[in-house]
Every structure is written in C-alpha cells, then in structure tokens.
Amino acid sequence: QVQLVESGGRLAQAGDSLRLSCAASAPPYSSFTMGWFRQAPGKEREFVAAISWSGNRTYYADSVKGRFTISKESTKNTMYLLMNNLKPDDTAVYHCAADFLISGTSASPHSVRSWGQGTQVTVSS
C-alpha cells in the first residue's frame, strides 16, 4: 500500500491562490487514479479532483472546475493541486488519495484504497 503525505495548506484570503503537494512513498502503479478529496467540519468527505497516473487525463468536481488544476511530477512521485480564486467554501482539510474509482465529475471516498493524513486550508473573506 502506498503512503501519502500532503503539504502546503495554510490560511489564505478569498481570491488567493495556493498549491498543495502530495508525495507518495513509491511510484504508484500506472493503473492508479490519484487525486484529492476534502472534508469541511461537520460535513462528509467530498471529491475534488483526480488524475490518471498513466497519461494525463484529469477530472474535477463541478464546484472547483475552472479554478483548480491537478498535475503530477512522476519522477518525484508527487502530485499537486493548484487552487486559484479561493473561496471561503473551499475551507476544509484536503486529503491526498490513491487508487479509487472515478466517474465523470464524481468519485466516492469509500472507494479510496490509500489516504494521506490531510492538510488544512482555511480561506477567510
């Protein structure tokens, strides 16, 4: 099982940009879908974005499409989430995730095989 470590979360203001990183302990299998979920206090964990480790196919939740960009640097076993035009509703703990099922703009956290510990993103207005 791959181990994942997120970093980059911080306090930001509405409209700011922020980049999160997720480092994997080993090269993910080429068939893996890698991505990000987030969980706000009192709410269920929800899908944010995903990328195919093999190739460059990307997926986004409707709430972040056009603002967030997911990318990867395979030589470093690292995945990134660039968040632009942050909103207070983006405030949540962001979790890196590995090996899960994706369908269009949706993915269930229950299908995730590996989780990172999470990094806090707080957006003030």
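One can find the structure itself at the top, above this paragraph.
Predicted model only: the values in this text are computed from it and were never measured.

**Student:** Pulling in residues and values, what's your account of the side chain of T78?
**Tutor:** By secondary structure assignment, the location of T78 is in strand β8 (residues 78-83). Separated by 2.8 Å, the side chain of T78 and the backbone oxygen of K76 make a polar contact. In this structure, T78 is in contact with C22, A23, W53, K72 and E73, ignoring residues within four places of it in sequence.

**Student:** Break down the nonpolar core for me, citing the residues and quoting the values.
**Tutor:** For soluble globular proteins, nonpolar side chains are generally found buried alongside one another. Ranked by size, the top nonpolar core spans 38 residues in total, and within it W36, M79, L81, M83 and Y94 carry the most contacts. If sequence neighbours within four positions are ignored, M83 has contacts with D16, S17, L18, L20, R67, F68, Y94 and V121.

**Student:** Mind laying out the environment of F47, listing which residues take part and the relevant values?
**Tutor:** Relative to the helices and strands, F47 resides in strand β5 (residues 46-52). Since its relative accessible area comes to 6%, F47 is described here as buried. Residues F47 and A97, spaced 50 residues apart in sequence, show a C-alpha to C-alpha distance of 9.8 Å. When residues no more than four places from it in sequence are discounted, the contact partners of F47 are W36, F37, Y59, Y60, A61, F100, I102, T105, S106 and A107.

**Student:** Could you give me a rundown of the state of the cysteines, with the residues and numbers involved?
**Tutor:** Evaluated as defined, the whole model comprises one disulfide. Put simply, C22 and C96 are joined by a disulfide, and their sulfur atoms are 1.8 Å apart. Taking the sign of the S-S torsion, about -75 degrees here, the bridge from C22 to C96 comes out left-handed. Pair noted here: C22 is in strand β3 (residues 18-24) and C96 is in strand β9 (residues 92-98), with a separation of 74 residues, a long-range link.

**Student:** Pulling in residues and values, what's your account of the environment of S25?
**Tutor:** Mapped onto the fold, S25 is located in the loop between β3 and β4 (33-39). With a relative accessible area of 47%, S25 lands in the partly exposed category. It is 9.2 Å that separates the C-alpha atoms of S25 and T78, two residues lying 53 residues apart in sequence.

**Student:** Mind laying out the sheet that holds β3, listing which residues take part and the relevant values?
**Tutor:** Through backbone hydrogen bonds, the strands of a sheet pair up, either in parallel or in antiparallel fashion. Pairing is antiparallel in the open sheet, where four strands are placed in the order β1-β3-β8-β7. Strands at the two margins of the open sheet, each flanked by one partner only, are β1 (4-7) and β7 (68-73). Going across the sheet, the axis of each strand differs from the next one's by a mean of 20 degrees, ignoring polarity. Judged from the four bridges that link them, β1 and β3 form a sheet pairing that is antiparallel. Directly across from L4, in β3, lies its bridge partner A24.

How each quantity is defined
Residues numbered from 1 in each chain as written. Predicted model: local features only at pLDDT ≥ 70, side-chain atom pairs only at ≥ 80, totals over all residues. Heavy atoms only, no water. Helix = DSSP H or I, 4+ residues; strand = E, 2+ residues; numbered from the N terminus. Polar contact = N/O pair within 3.5 Å; in protein donor to acceptor, adjacent residues only side chain to side chain. Contact = heavy atoms within 4.5 Å. Core = buried A, V, L, I, M, F, W, Y, C linked by side-chain atoms within 4.5 Å. Buried < 20%, exposed > 50% of the residue type's maximum accessible area, 1.4 Å probe, protein only. Disulfide = S-S within 2.5 Å. Pairing = 2+ DSSP bridges. Axes fitted to C-alpha atoms, helices over the stretch in contact; angles between N-to-C directions.

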